[in-house]
Every structure is written in structure tokens, then in C-alpha cells.
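Descriptive analysis of the structure
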Amino acid sequence: MDVMEGNVGLLFPVVLPVAAGVSVLLHKGFWRNRGRLMAMVLGTLLLEAGLVFLALSGGGSLLLWQLTKEVPLVLAVDGVSRLFALLTAAVWLLVGIYSVSYMKHEREEHRFFGFYLIVLGVLIGLDFSANLVTMYIFYELMTLTSLPLVLHERTKEAVAAGLKYLFYSVAGAFLALFGIFFLLEACGSQVFTPGGVTVGAPGQEGLLLAAVFCILAGFGAKAGMFPLHGWLPTAHPVAPAPASAVLSGVITKSGVLAVLRVVYYVVGPQILRGTWVQHVWILLTLVTVFMGSMLAYKEPVLKKRLAYSTVSQVSYVLFGLSMLQPQAFVGALAHVVFHSLIKNALFLCAGGIIVATGSTRVAQMRGLGEKMPLLLGCYTVASLALVGIPPMSGFVSKWYLSLGALASGTGTWAWMGPVVLLVSALLTAGYLLPLTIQGFFPGAEAGKEENGEKIPEGLTGQTGKIRISAWMMVPVFVLALGALWFGCFPGALIAMLEKIASGVL
């Protein structure tokens, strides 16, 4: 095979945003003109969305480089890459539009937008990866290029959070690499094949399972799975709201994508079904779901509360994948889409509130509904969707997850999973809806005592509405609308996901 053999159109969505981001970083003086910078960023994001669509329509594969005879770097398109690439491009565009106004309040915005564009290109490369080594290279690049988004503020807290993010991500990736080395020898091919490839490791079944578990735990770090979840609640509060949104809604899904590819496209679910790896994996996901919900329930700072929520909600996806069952698989991929829309909406709402009011704690936002009714309305829609109230989108994915668990034949886990998901849903209502209730129905006057506690004044003492830019409000509205739309009309998406599931299970 020659270098650059195949559909070159697959390369453009990877190279364009990376080149644009590098240009912003290298020519700071030229891009300090804000109008010029915003035009370039939005133009790149719009063009990128078109290039992704054309690449997915064209399909095929592309050989990037032949590292060795056995290790080529290849991009290709299949059902999973279509799902993740479309989601990434759409969310990146909406959050980028939001950032046009939000980043006015941040210093060195050209640096933020430079790395924001670079990470987009790397993520598309990750989505298009056709084999284990290509995926791993883009996975590591994604960690390194997204680190500056966490470090953006350059405060002591931001540096500490960035180092923690780097340590957890690299440690997890190295743990996964140990397993990948074994798989490259044990499997007949490293190419992603629906249903997995034939495993040729007679007498080494125990080592194979240990290798797969290392991969699950290592890539699970990016997805926030216990015990390597600690970076999420540390990184999110210190990063700008747009960075927190994409970290939670998209970048955590890179860990999900890596796990999905290994289990369903390399090893094969039949190898793991009924083994200790499956049972421990299920246990870790359910522990993470419950623990993340409980920590979010007890957290008073809004962005940190949403970060703990991400820890919990992304493990809904991992739980569905761990069932190794078609309906649960469909529920898991549906929750990838729904959680991305919902959590981006929630973090962007949090950013709008913080910019407009300076409040970071939920108790300080009492009476918010009178001041910012549209924003809080969007927050409420997204919150109801995350809880799983019909007809919101979260109900659809949790319905499939529960049905899949009950039909999985995994013994105790078959009923324990839905129970934990139900408890987590109740806790989700407990940590998201108080802001809505206190925002629209502040109740007793501030300063008085109620049930032995002094009621905080929040925003009730302020007069007049608080307005934020349409650049910030429109993406929030679109994301909230998406969370509702997919709950009311999920048919096309579910049909697409069922087609993917039929190929691997």
C-alpha cells in the first residue's frame, strides 16, 4: 500500500481545523483583531461541518501512513464513525457560536480558539480511525491538545486541575496500551471489524481477559469511570464554560468510543460474555452511576455539580455497553447523543448565569427565573431530559438501557442495573431541579428563617431582567430543543442505532 491511498476527502475534516488552529496560535498579532478572529473561527466551523458531511457521504477509507508492514495508520467510515463525527461537528459549531460572546470576558481568547479548533480536527481523526493503533495515536493527541482548554485561566487552581487531567488521562492511556500490545499479538487483525475479529490465543484466555480489563479501565478514565474519575470535578469548574461543555459532552465520549471499538470491533462481545471482566465492568459502571449522582446531589457549586453529574451519566453509556445486549447497546449509543446535547446545554446555561450575575453557587441563584426566564427555561428542559421525564430524550435512552439489562441474562445485574438507574434518576432530579424551583418560585422573603435555616437573598433583591447576548442564547435554545425533539421523534436515530447493533451483536 502506498502513502495517502484511498479517499483523500477523509483527510480534509482532520487537517482543516488543525491548520486553522495552528495559524491562530502562530500569528497572534494578525488575529488580535477580534472581528477577523471570529470570522475565521465561525467560517472554519461551518466549513468543517460541510466537510464532515461530504466525507461521511463519500465513505471509503484512506491510508495515512504505513508505520510498519503490520501497523498502518488508516481512516475509514462506518456507522459508529458517522454517529460520533456528526455529533462532534454539530456540537462544536454550536458551542463555538456561544463562545463568540462568552470569550469576550476571558483573556487570551485567540489561544482558546486556536486549541479549540485543533481539538476538533483531532477528534474527527479519532472518530474516523479504522484500527487500534490509529485510534490510540489520535486518543493521545486529543489529551495533549485539550489540556490548554483546562489550563486557559492560568490560575493556580487551573494549573493544578490541568496537571490532574493530564495525569489521569496519560495514566489511563498507558494502562490501555498494555492491553493493546497483547491484543495486537492475540487477535488476527487490529482492524475494526463489526462483531470482533477471531482471537488466536489458545491457552492464553486468562491473559486476554486481563488485557481487555486493562483497556476498559484505562480508556474508562477519559469517560470518568470509577476509580479514575477524579479529574472531572476538578477540571470543569476552572475551565471556561465552553471548554467545560465540550469536555463533558464530547471529549468524555472519546473514552466511550475507545471502549466500544475494543469490545465490539476487536475482541468481540462473545469473548467477554459471562466472564469476570463483564461482571467487574458492570459493577464499576453502577458504582460510578450511583456515586456520581450522590456527589452531585451534595455539591453546592453549580459547575462542579454538573461535573459530578457527568461522572454519573457517562457511566450510563458504559453500563449499556457492558450488558453486551442489543437493546442496551442501542440505549447506550442513544445516551451518547442525548447526554451530549443535554450536558452542553446545561454547562452553557451555567456559563450564561455566571457571566451575567457572577453567581457560582446554586443558593446564590434564587429568584433567577424573574431575571433570566428564557435561560432558566432552557435549563429546565435540559434538566427534565437528563432526569428522563417523558417525552424528553433521556427517557428514550434509559428505557432501552433498562429493557436491555432485564433481557441480558446477567443474573443479579439484570435487575440491579435498572434499580440503580432509577435511584440515580431520582438523585438527578434532586440536584438539578432545585435551581428551577427556587428560580421560578423563590418563596419566602430573603433573610427570614425557614425550617431553622436562613433563606439566602440570591437574585431576589435585584430589579429588572438580566439579558445575555443572542450569540449565547441561540445555541442554548437549539441544544435544549434538540433534547426535546429527539424525545418526541426518536425513530430515525433509533433505526440507525439498531442497524449498528445488528452488525456487532
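Refer to the structure presented above.
Residues numbered from 1 in each chain as written. Predicted model: local features only at pLDDT ≥ 70, side-chain atom pairs only at ≥ 80, totals over all residues. Heavy atoms only, no water.

1. Let's talk about empty space enclosed by the protein
Here is the rule we go by: Here a cavity means grid points, on a 1 Å grid over the protein atoms only, where a 1.4 Å probe fits yet cannot get out; a pocket means an open set of points with protein on both sides within 12 Å along at least five of seven lines; lining residues are those with an atom within 4 Å of a point. Grid points are joined across faces, edges and corners, and a volume is the space filled by probe spheres set on the points. Strands here mean DSSP runs of E at least two residues long; helices mean DSSP runs of H or I at least four residues long; both are numbered from the N terminus.
Under the defined criterion, the tally for this structure stands at 1 cavity of 30 Å³ or more. If you add up the space inside the largest cavity, you get close to 60 Å³. Taken together, Phe-84, Leu-87, Thr-88, Leu-123, Asp-127, Val-250, Lys-253 and Ser-254 form the lining of the largest cavity. Elements with a minimum of two residues in the lining of the largest cavity: α4 (79-102), α5 (109-128) and α10 (241-267).

2. Points about the packing of aromatic side chains
For the record, the criterion: Centre distance within 6.5 Å is the pairing criterion for rings of Phe, Tyr and Trp, where only the six-membered ring of Trp is used; planes under 30 degrees apart are then read as stacked, over 60 as edge-to-face, and the remainder as tilted. The buried label goes to any residue with under 20% of its type's maximum accessible area, the exposed label to any with over 50%, and the partly exposed label to all in between, with areas taken from a 1.4 Å probe on protein chains only. To sit over a ring, a charge needs its Lys NZ or Arg CZ within 6 Å of the ring centre and within 35 degrees of the ring normal.
All told, the structure shown has 12 aromatic pairs when counted by the stated rule. Taking the centre distance of 5.7 Å and the plane angle of 20° together, the rings of Tyr-98 and Tyr-102 count as stacked. With Tyr-98 and Tyr-102 both in helix α4 and 4 residues apart, this pair spans about one turn of that helix. Both residues of the pair, Tyr-98 and Tyr-102, belong to the buried class. What links up through ring pairs into an aromatic cluster is the set Trp-92, Phe-112, Phe-113 and Tyr-116. One cation-aromatic arrangement involves Lys-222 over Tyr-139; the distance from NZ or CZ to the ring centre is 5.8 Å.

3. With respect to the side chain of Gln-313
Stated precisely, the cut-off is as follows: Any two residues whose heavy atoms approach within 4.5 Å at even a single point are treated as in contact.
In this fold, Gln-313 is placed in helix α13 (residues 302-322). In contact with Gln-313, not counting residues within four places along its chain, are His-335, His-339, Lys-343, Leu-386, Lys-398, Thr-428 and Tyr-431.

4. A few points about the packing of helix α6 (residues 132-151) against helix α7 (residues 156-186)
Quick reminder of the rule: For every element, the axis is a line fit to its C-alpha atoms; helices are fit only across the contacting stretch, and the angle between N-to-C directions ranges from 0 to 180 degrees. Oblique is the label for any angle not under 35 degrees, not over 145, and not in the 65 to 115 range, which are roughly parallel, roughly antiparallel and roughly perpendicular in turn.
Two numbers describe how α6 lies on α7: the axes approach to 9 Å, and their chain directions differ by 175°. Judged by the angle between their axes, α6 and α7 are roughly antiparallel.

5. Some words on α10
Note the cut-off: In this analysis, the expected span of each helix is defined as 1.5 Å times one less than the number of residues it contains. The term bend refers to the angle at a residue between two fitted axes, each drawn through seven residues, those ending there and those starting there.
Between its first and last C-alpha, α10 extends 38 Å over 27 residues, near the 39 Å set by a 1.5 Å rise per residue. Where α10 bends most, the angle comes to about 40°, and this point is Leu-247. Backbone geometry just after α10 places Gly-268 at a positive phi near 100°.

6. Considering unusual backbone geometry
Cis geometry is adopted by the peptide bond preceding Pro-227, which originates at Phe-226 and carries an omega value of 10°. Relative to the assigned elements, Pro-227 resides in the loop between α8 (205-220) and α9 (231-238). Of note, the bond from Pro-390 into Pro-391 is cis; its omega dihedral lies within 30 degrees of zero at 10°. Within the secondary structure, Pro-391 sits in the loop between α16 (373-387) and α17 (393-406). Positive phi, close to 60°, is recorded for Arg-154, a residue that is not glycine. Along the chain, Arg-154 falls in the loop between α6 and α7. Accessibility expressed as a relative area gives 48% for Arg-154, which makes it partly exposed.

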